[in-house]
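Each chain is listed here by its residues.
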Amino acid sequence: MNISPSLKKPRVSWQAVFSLLIFVFMYLPILVLGFYSFNQSPYSATWQGFTLDWYRKLFSDDRILSALQNSMIVAACAVTISAVLGTLMAVGLARYEFPGKKLYRGVAYLPLIIPDIAIAVATLVCLAAFAIPLSLWTIVAAHIVFCLAYVGLVVASRLTNLDPHLEEAALDLGATPTQAFIQVLLPQLMPGILAGCLLAFVLSLDDFLIASFTAGSGSNTLPMEIFSRIRSGVKPDINALSVMLISVSAIVALIAELIRASGENKSFK
């Protein structure tokens, strides 16, 4: 008598179901946003057909282009300055001992955990105390505060995977401290510096709260322009702009992560 073996039913683990729910919760709004950005109707709630007109309209909108230019200037300037200062800060904290080092490290990375509203108010009060008029450059100064911390943190994590004896070997071979830093340490830190800069660039480009507190007249950034338009309702052109911002941010973040992971893999070889 042949007894067929009982077939085991596939079991779905609760971890898989929980992960699926989390991803749906996180990315469903983005999918809905992208769907309605191709809506022919000027009202987001009703679907009347597929169109690319809203994307074309963005590139002929002078206010959007001006705000985008301001955001790019702010992000580029803030990231460039933060790249230099953040790298020097990370190297100094990792390679040198000085009084108050632990306190300085805590203060240097404090902007990572301070709410944006606190940074915005503190920066505004500081600018008012010194009677500095608000402009595009006050936004740059405010963005340097948190961009510096992010660049320094990424570079510091890269430093932990490097061999400190390489610099000592360069010094023993006759190199000056400056030559050892530029020719030995800096090339190894470059993946971390680039990853930190890309991360800081995305954060600066997307910032609204700090920029709105420190912007002068006529210095609207792209997030500020978007916020001013959605007060009367979200239109498909804003949906299209949001989709483009999300796509660019995701691509830049992916590139930053690939650069960071590539640098770590090279350091382990």
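The structure presented is a predicted model; accordingly, all values stated were derived computationally and were not measured. (Residues numbered from 1 in each chain as written. Predicted model: local features only at pLDDT ≥ 70, side-chain atom pairs only at ≥ 80, totals over all residues. Heavy atoms only, no water.)

1. Considering the overall build of the protein chain
Quick note on the threshold: The helix and strand labels rest on DSSP assignments: H or I over at least four residues marks a helix, E over at least two residues marks a strand, and numbering proceeds from the N terminus. C-alpha atoms define the radius of gyration in this analysis, and the globule rule sets the expected value at 2.2 Å times the number of residues to the power 0.38. With a 1.4 Å probe rolled over the protein chains alone, any residue whose accessible area is under 20% of its type maximum counts as buried; one over 50% counts as exposed, and the rest are partly exposed. Contacts were defined at the residue level, with two residues in contact if any of their heavy atoms lie within 4.5 Å.
A tally of regular secondary structure across the protein chain gives 11 helices and zero strands. When the elements of the protein chain are put in sequence order from the N terminus, they spell out α-α-α-α-α-α-α-α-α-α-α. Over its C-alpha trace the protein chain gives a radius of gyration of 24 Å, far above what one expects of a compact globule, namely 18 Å for 269 residues. Judged by the C-alpha coordinates and their principal axes, the protein chain covers about 85 × 70 × 30 Å. Counting all 269 residues of the protein chain, 36% fall into the buried class. Long-range pairs, those at least 24 residues apart, make up 73% of the contacts in the protein chain between residues at least 6 apart in sequence.

2. A short note on the UniProt feature "transmembrane region" (unreviewed entry) in the protein chain
Stated precisely, the cut-off is as follows: UniProt positions are given in the numbering used here, feature names are shortened, and annotations may be inferred rather than shown by experiment.
According to UniProt, the "transmembrane region" (unreviewed entry) feature falls on residues 12-38, 72-94, 106-130, 136-156 and 238-259. Each end of residues 106-130 is marked by a C-alpha atom, and these two atoms are 26 Å apart; helix forms 68% of the span and strand 0%. For the annotated span residues 238-259, helix accounts for 100% and strand for 0% of the residues, and the straight-line distance between the end C-alpha atoms is 31 Å.

3. Observations regarding the nonpolar core
Let me state the cut-off plainly: Only buried Ala, Val, Leu, Ile, Met, Phe, Trp, Tyr and Cys residues count toward a nonpolar core, and they belong to the same one when joined by side-chain atoms within 4.5 Å.
The biggest cluster of nonpolar side chains holds 31 residues, and the ones touching the most others in it are Ile139, Val155, Leu159, Leu185, Leu189 and Ile210. Where this core is concerned, the elements lending two or more residues are helix 3 (62-95), helix 5 (116-129), helix 6 (136-159), helix 8 (177-206) and helix 9 (209-214). Top contributing element to this core by residue count: helix 6, with 10 residues. Listed in part, the 12 residues of the second largest apolar core include Trp54, Ile226, Ile238 and Leu245.

4. Some remarks on the state of the cysteines
Short version of the rule: We call a pair of cysteine sulfur atoms a disulfide when they lie within 2.5 Å.
In total, this model carries zero disulfides according to the counting rule given. The thiol sulfur of Cys77 is not disulfide-bonded, and the nearest other cysteine sulfur, from Cys147, lies at 11 Å. Since its relative accessible area comes to 24%, Cys77 is described here as partly exposed.

5. What to know about the pattern of salt bridges
Stated formally: What counts as a salt bridge is simple: a side-chain nitrogen of Lys or Arg found within 4 Å of a carboxyl oxygen of Asp or Glu.
Counted according to the given criterion, the structure contains five salt bridges. The salt bridge involving Asp53 is made with Arg56; its shortest N-O contact spans 2.6 Å. Of the two residues, Asp53 and Arg56 are both situated in helix 2 (residues 53-58); the distance of three residues between them amounts to about one turn of the helix. Arg56 sits in the exposed class, given a relative accessible area of 53%. Residue Arg229 is joined to Glu225 by a salt bridge in which the shortest nitrogen-to-oxygen separation is 2.9 Å. Highlighted residues: Arg229 and Glu225, both in helix 10 (residues 222-229), separated by four residues, approximately one helical turn. Classification of Arg229 by relative accessible area gives buried; the value is 16%. Each of Asp61, Arg63, Glu225 and Arg229 takes part in a single network of salt bridges with overlapping partners.

6. Details of the environment of Ser262
Inspection of the secondary structure assignment puts Ser262 in helix 11 (residues 236-268). In the structure, Ser262 is positioned 97 residues away from His165 in sequence and 22 Å away in space, judged by C-alpha atoms.

7. Observations regarding helix 3
This is how it is decided: In this scheme, a helix's expected span is set at 1.5 Å multiplied by one less than its residue total. Within 3.5 Å is the distance limit for a polar contact, defined as a pair of N or O atoms, with the added protein rule that one can donate a hydrogen and the other accept it, and that residues adjacent in sequence qualify only through two side-chain atoms.
Relative to the 50 Å expected for 34 residues at 1.5 Å per residue, helix 3 spans 49 Å between its end C-alpha atoms, a close match to the ideal helical length. Sitting at the amino-terminal end of helix 3 is Asp61, which places a side-chain oxygen 3.0 Å from the backbone nitrogen of Arg63.

8. Remarks on the environment of Val202
Here Val202 is to be found in helix 8. Sequence separation between Val202 and Val252 is 50 residues, and the spatial gap between their C-alpha atoms is 7.2 Å. Beyond its immediate stretch of four places on either side in the chain, Val202 contacts Ser249 and Val252.

9. A few points about the packing of aromatic side chains
Operational definition: Only the six-membered ring of Trp is used, alongside the rings of Phe and Tyr, when aromatic pairs are assigned; centres must lie within 6.5 Å, and planes under 30 degrees apart are stacked while those over 60 apart are edge-to-face, with the rest tilted.
Applying the stated criterion across every chain, the model contains six aromatic pairs. Arranged with centres 4.8 Å apart and planes meeting at 40°, the rings of Phe208 and Phe227 form a pair that is tilted. You can see Phe208 sitting in the loop between helix 8 and helix 9 and its partner Phe227 sitting in helix 10, a full 19 residues away along the chain. Given the relative accessible area of 27%, Phe208 is considered partly exposed. Residue classification places Phe227 among the partly exposed residues on the basis of a relative accessible area of 36%. By the ring-pair criterion, three or more aromatic residues cluster together here, those being Phe38, Phe50 and Tyr55.

10. A short note on the packing of helix 6 against helix 8
The line we're drawing: Where helices are involved, their axes are fitted lines through C-alpha atoms of the stretch in contact, as for all axes, and angles between N-to-C directions lie from 0 to 180°. Helix crossings fall into two classes, left-handed where the near helix is turned counterclockwise from the far one by less than a right angle and right-handed where it is turned clockwise. We call Asp, Glu, Lys and Arg charged. Ala, Val, Leu, Ile, Met, Phe, Trp, Tyr, Cys and Pro are nonpolar, and the rest, Gly among them, are polar.
In contact at an axis separation of 8 Å, helix 6 and helix 8 are set at 145° when each is read in the N-to-C sense. Considering only the axes of helix 6 and helix 8, their crossing is right-handed. A per-class count over the contact of helix 6 with helix 8 returns 16 nonpolar, five polar and one charged.

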